[in-house]
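For reference, the chains in residue letters:
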Amino acid sequence: MKRIGIMTSGGDAPGMNAAVRAVSRKALTEGLEVFGINYGFAGLVAGDIFQIDAAAVNDVIKRGGTMLYSARYPEFEKEEVQLKGIAQLNKFGIDALVVIGGDGSYHGALKLTQHGYNAIGLPGTIDNDIPYTDFTIGFDTAVNTALDAIDKLNDTAASHERTFVVEVMGRNCGDIAMWAAVAGGAADVIIPEHDYDIEKVAEKLRSSRQRGQKHAIIVLAEGVMHADEFADKLAKYGDFQLRATTLGHVQRGGNPTAKDRVLASEMGAYAVELLMQGKGGLAVGIQNNKLVNHAMTDLFNSKHESQLELHKLVEDLSY
Ligand code: F6P
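This is a predicted model, so every value here is computed, not measured. (Residues numbered from 1 in each chain as written. Predicted model: local features only at pLDDT ≥ 70, side-chain atom pairs only at ≥ 80, totals over all residues.)

What about the sheet that holds strand β8 (residues 216-221)?
Backbone hydrogen bonds are what pair the strands of a sheet, in a parallel or an antiparallel way. One open sheet holds the 4 strands; their spatial order is β7-β8-β6-β9, and the pairing between them is parallel. At either margin of the open sheet sits one strand with a lone partner, and together these are β7 (188-190) and β9 (242-246). Averaged over all pairs of adjacent strands, the angle between strand axes in this sheet comes to 20°, irrespective of strand direction. Here strand β6 (residues 163-168) pairs with β9 via 5 bridges, running parallel. Each bridged residue has a counterpart across the sheet, and for Val165 the counterpart in β9 is Ala244. Relative to the sheet, helix α6 (residues 175-183) contacts β6, β7 and β8, its axis offset from that of β8 by approximately 165°. (Pairing = 2+ DSSP bridges. Helix = DSSP H or I, 4+ residues; strand = E, 2+ residues; numbered from the N terminus. Axes fitted to C-alpha atoms, helices over the stretch in contact; angles between N-to-C directions. Contact = placed C-beta atoms within 7 Å.)

A look at unusual backbone geometry
At Asp59, a residue that is not glycine, the phi angle is positive and equals roughly 70°. Among the secondary structure elements, Asp59 is positioned in the loop between β3 (49-52) and α3 (79-92). One non-glycine residue, Tyr69, lies in the positive phi region at around 55°.

As for the nonpolar core
In this structure, Ala19, Leu97, Val166, Ala177, Ile217, Val219 and Leu220 are the most contacted members of the largest nonpolar core, which totals 95 residues. Residues in contact with Val166, not counting those within four places in the same chain, are Ile150, Leu153, Ile217, Val219, Leu220, Ala227, Thr245 and Leu247. (Core = buried A, V, L, I, M, F, W, Y, C linked by C-beta atoms within 7 Å. Buried ≥ 20, exposed ≤ 12 C-beta atoms within 10 Å, placed from the backbone.)

Looking at the UniProt feature "binding site: ATP" (unreviewed entry) in the chain
Under the local residue numbering, the UniProt record ascribes the feature "binding site: ATP" (unreviewed entry) to Gly11, Arg72, Tyr73, Gly102, Asp103, Gly104 and Ser105. Judged by maximum C-alpha separation, these annotated positions cover 95 residues in sequence but sit close together in space, the widest gap being only 12.5 Å. Mapped onto the fold, Gly11 is located in the loop between β1 (3-8) and α1 (16-29). For Gly11, the contacting residues outside a window of four places in its chain are Gly102, Thr125 and Arg252. With respect to the helices, strands and loops of the structure, Asp103 is situated in helix α4 (residues 103-114). By the C-beta count within 10 Å, which is 20 here, Asp103 ends up buried. (UniProt positions renumbered as here; feature names shortened; annotations may be inferred.)

Listed below in structure tokens is the structure:
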């Protein structure tokens, strides 16, 4: 193996640049050449590929977004499209790849491995919805961004004795919601992985109000419903001075936290080590604070295990 390619694919996440830097610097340290592929699999097929030297990744560790741009490209499922990508790898002499992205990106990475080009996947998504890893790159930053907004909303909620329903991202995963809810002292958290009873939510708000806690934050995961819809439902059960806020794509941006930068750096260097051992078709993760790798095929048949005890913690602490 002489030349490795690197791409970011799917929704961007803070820390992707730190991962690009880590893969590049580790590969250069090992005497390999590195090629950046812009726009994920779409850029691979189009041949939007350039050589990365050590200076090209100067200072990117602290930057949000991805310097390699990103795209969702379902067309890569087709064999004839994959072959166009392979032709580009041959043209640039790229032997192996690191793909930073979510579940969809791993499907493309596995296809490349099956065509004889080893690819390693790094979990880059704010959603934290990838199996066999406790955390994904970008999750911690997104939680902190959501938390910052919740703290601010809590100030105005307190001043006007209001209840805010705050919708956070996460696709079908409630991890951002649970972490932000625990850290933000929320009154309740509504996630796809756990049933909720709107009457009980209302009852809890009512009894808190009677005890003197007249403002509240309810964190709602986008996978359940939209914030205004939830607020409309809740309004039928009492006058809680409801307001709905959707945080949206702000959660995808910003400088990565130290935790995301370190995670991305560790995973990026580890991916290069795996490639140097001649391995491919593997997804890197972190479990119990240790770097791990699992066959991508195992991930496709599994579900990320959320820490549902955090849901209970919100219930217990919001008495
Ligand atoms: O997967 C990351 C994510 O931000 C999800 O949380 C969200 O549901 C989705 O992407 C939004 O997608 P888009 O950026 O295409 O609007």
